[in-house]
Amino acid sequence: MLFRSLDPQGTVHLGGCGNCTGLLSVPINGSSGFTVEADGYLTGHLNRTIPVGSRRIHAEANQSNLIVSAFVSEDGLINVVLYNDSGTRGVVFIWRDSKFRVSLPQKSITTLTWQIPN
């Protein structure tokens, strides 16, 4: 497995963008260990919740500090990933003719999953 790691200041990397973040931070002073960074937690969350072979589908948020991505799996499972970059809040989710309210914890990643009805 290949992944990007940075030092704790985010300065040691091999090219790429100037503001890239790593999945892990590793110490450069010879000590052992690592710290999982925000992108590492996000990558792990997506790997656990989005089935292999899923396709990204359209989804949008009309609130600031809320990022949404949606996927449909080969067997008709819908997964909507919500990243809440602010305080605890309730959001209204609309899908086809249904509406429901979801409470999102502060600074959280939440995945909603359901099967497309036949």
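Caption draft 1: Here's a closer look at unusual backbone geometry. The phi torsion at Asn65 lies on the positive side, around 60 degrees, for a residue other than glycine. Along the chain, the position of Asn65 falls in the loop between β4 (55-57) and β5 (66-72). Residue classification places Asn65 among the partly exposed residues on the basis of a relative accessible area of 40%. Backbone geometry at Lys107 places phi at a positive 45 degrees, although glycine is not the residue there. Along the chain, the position of Lys107 falls in the loop between β8 (98-104) and β9 (108-115).

Caption draft 2: Representation of the sheet that holds β4 in the model. In space, the four strands of this open sheet follow the order β4-β5-β6-β9, with antiparallel pairing throughout. In this open sheet, the two edge strands, each paired with only one partner strand, are β4 and β9. Mean inter-strand twist for the sheet, computed between neighbouring axes without regard to direction, equals 25 degrees. Relative to strand β6 (residues 77-84), β5 runs antiparallel, the two sharing seven bridges. The residue of β6 that forms the bridge with Ile67 is Tyr83. Set on the sheet, helix α1 (residues 38-49) makes contact with β6 and β9; between it and β9 the angle comes to about 10 degrees.

Caption draft 3: Highlighting the pairing of β8. Two strands pair when backbone bridges link them, and strand β7 (residues 89-95) and β8 are joined in this way by seven bridges, in the antiparallel orientation. Each bridged residue has a counterpart across the sheet, and for Val92 the counterpart in β8 is Arg101. From the end of β7 to the start of β8, which pair antiparallel, there are two residues, and Arg96 there has a positive phi angle of about 50 degrees.

Caption draft 4: The nonpolar core, seen in detail. Among the nonpolar cores identified, the biggest contains 13 residues, and Val80, Leu82, Leu104, Leu112 and Trp114 are the most heavily contacted of them. Among the secondary structure elements, those contributing two or more residues to this core are β5, β6, β7, β8 and β9. For this core, the element with the highest residue contribution is β5, accounting for four residues. Beyond its immediate chain neighbours, meaning those up to four positions away, Leu82 contacts Leu66, Ile67, Val68, Leu104, Ser108, Ile109, Thr110 and Leu112.

Caption draft 5: Layout of the side chain of Ser69. With respect to the helices, strands and loops of the structure, Ser69 is situated in strand β5. Within the local environment of Ser69, its side chain forms a polar contact with the side chain of Arg56, the two groups lying 3.4 Å apart. In this structure, Ser69 is in contact with Arg56, Asn79, Val80 and Val81, ignoring residues within four places of it in sequence.

Conventions we followed
Residues numbered from 1 in each chain as written. Predicted model: local features only at pLDDT ≥ 70, side-chain atom pairs only at ≥ 80, totals over all residues. Heavy atoms only, no water. Helix = DSSP H or I, 4+ residues; strand = E, 2+ residues; numbered from the N terminus. Buried < 20%, exposed > 50% of the residue type's maximum accessible area, 1.4 Å probe, protein only. Pairing = 2+ DSSP bridges. Axes fitted to C-alpha atoms, helices over the stretch in contact; angles between N-to-C directions. Contact = heavy atoms within 4.5 Å. Core = buried A, V, L, I, M, F, W, Y, C linked by side-chain atoms within 4.5 Å. Polar contact = N/O pair within 3.5 Å; in protein donor to acceptor, adjacent residues only side chain to side chain.

These values are about where atoms sit, not about what they do.
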